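Summary of the model geometry
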Amino acid sequence: PISSHITRYKETQQEGRKNVVDSLREKNTFRTSQRAKRERGAACCAPTQGRRGPLSPLFHAVSLIVLFSPPFLAFFVWKKFLQSPTHLERPQWKTIVEWIAILSASGCFVVWVIAFLTIPCDVGRYGWGCVARWRSFSGSVVRVSPLFIILAALGRRGTRILSVLWIIAVNFDCLMVDMMA
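Residues numbered from 1 in each chain as written. Predicted model: local features only at pLDDT ≥ 70, side-chain atom pairs only at ≥ 80, totals over all residues. Heavy atoms only, no water.

**Examining the packing of helix α6 (residues 129-153) against helix α7 (residues 160-180)**
Working note: a packed helix pair is described by the angle between its axes plus the distance between those axes. The following threshold applies: Interaxial angle, 0 to 180 degrees, is taken between N-to-C directions of lines fitted to C-alpha atoms, where a helix line uses only the stretch in contact. Strands are runs of DSSP state E lasting at least 2 residues, helices are runs of H or I lasting at least 4, and numbering of each runs from the N terminus. In this scheme, roughly parallel covers angles under 35 degrees and roughly antiparallel covers those over 145, while 65 to 115 is roughly perpendicular and the rest are oblique. Any two residues having at least one pair of non-hydrogen atoms within 4.5 Å are treated as being in contact. Ten residues, namely Ala, Val, Leu, Ile, Met, Phe, Trp, Tyr, Cys and Pro, are considered nonpolar, four, namely Asp, Glu, Lys and Arg, are considered charged, and the remaining ones, Gly among them, are considered polar.
Remark: α6 packs on α7, axes separated minimally by 10 Å, with the N-to-C direction vectors making an angle of 170°. When the axis of α6 is compared with that of α7, the two are roughly antiparallel. Residues Trp-134, Arg-135, Phe-137, Ser-138, Val-141, Val-142, Ser-145, Phe-148, Ile-149, Ala-152 and Ala-153 of α6 pack against Arg-160, Ser-163, Val-164, Ile-167, Ile-168, Asn-171, Cys-174, Leu-175, Val-177 and Asp-178 of α7. Its residues assigned to classes, the contact of α6 with α7 shows 14 nonpolar, four polar and three charged.

**Topic: the packing of aromatic side chains**
The condition that has to hold: What counts as a ring pair is set by centres within 6.5 Å for rings of Phe, Tyr and Trp (its six-membered ring), and what kind of pair is set by the plane angle: stacked under 30 degrees, edge-to-face over 60, tilted for all other angles. When accessible area is computed with a 1.4 Å probe and restricted to protein chains, residues below 20% of their type maximum are described as buried, those above 50% as exposed, and intermediate ones as partly exposed. Our definition puts a charge over a ring when NZ of Lys or CZ of Arg is within 6 Å of the ring centre and also within 35 degrees of the ring normal.
Under the definition given, this model contains seven aromatic pairs. With a centroid separation of 6.0 Å and 55° between ring planes, the pair formed by Phe-109 and Trp-166 is classed as tilted. Here Phe-109 is found in helix α4 (residues 92-118), whereas its partner Trp-166 is found in helix α7, with 57 residues between them in sequence. Residue Phe-109 is classed as buried on the basis of its relative accessible area of 15%. Each ring, one from Trp-134 and one from Phe-137, has its centre 5.2 Å from the other, and the planes form 50°; the classification is tilted. Residue Trp-134 and its partner Phe-137 are both found in helix α6; the two are separated by three residues, about one turn of the helix. The buried category is assigned to Phe-137, whose relative accessible area is 16%. An aromatic cluster is defined as three or more aromatic residues linked by ring pairs; in this entry it consists of Trp-78, Phe-81 and Trp-99. The ring of Phe-81 is capped by Arg-156, whose NZ or CZ atom sits 4.1 Å from the centre of that ring.

Remember, this is a structural readout, not a statement about activity or role.
Here is the structure:
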């Protein structure tokens, strides 16, 4: 090993007095990357389109269902909320919590739609900044989602399960857009 360093040092001195450290780093990086390619073999460069798992169509179907489900879930949650009997005697605080629950779920969905429409994410046109903005937004949505799920679970009877599913679907959509960015 020492003789190879001496030989490289002499080569660099003869090639025009290049910086020795830069020359060694370039040669070691090239040699290391070539060795890594050899060790991985041809599998690293083979196209992966032909290798799909047996559950791949199922995952695509579930992704499409979840992608388009938030508006439908919102419709059914609001429909059940507004059709539920309001003439029952219930404490005022419970009514307030129910309204906060449905408005917070709706607000989460509306904010997600606005962000989806206003954060352009084309790396070729806008650079990697758009990906960073969407990643930051999606991180915020995921961090506050437990609060929204708890509020949805406290909502009016008959809307709780759909509200929780609505919040989960919005989170899934947010992460899906983040992965596509």
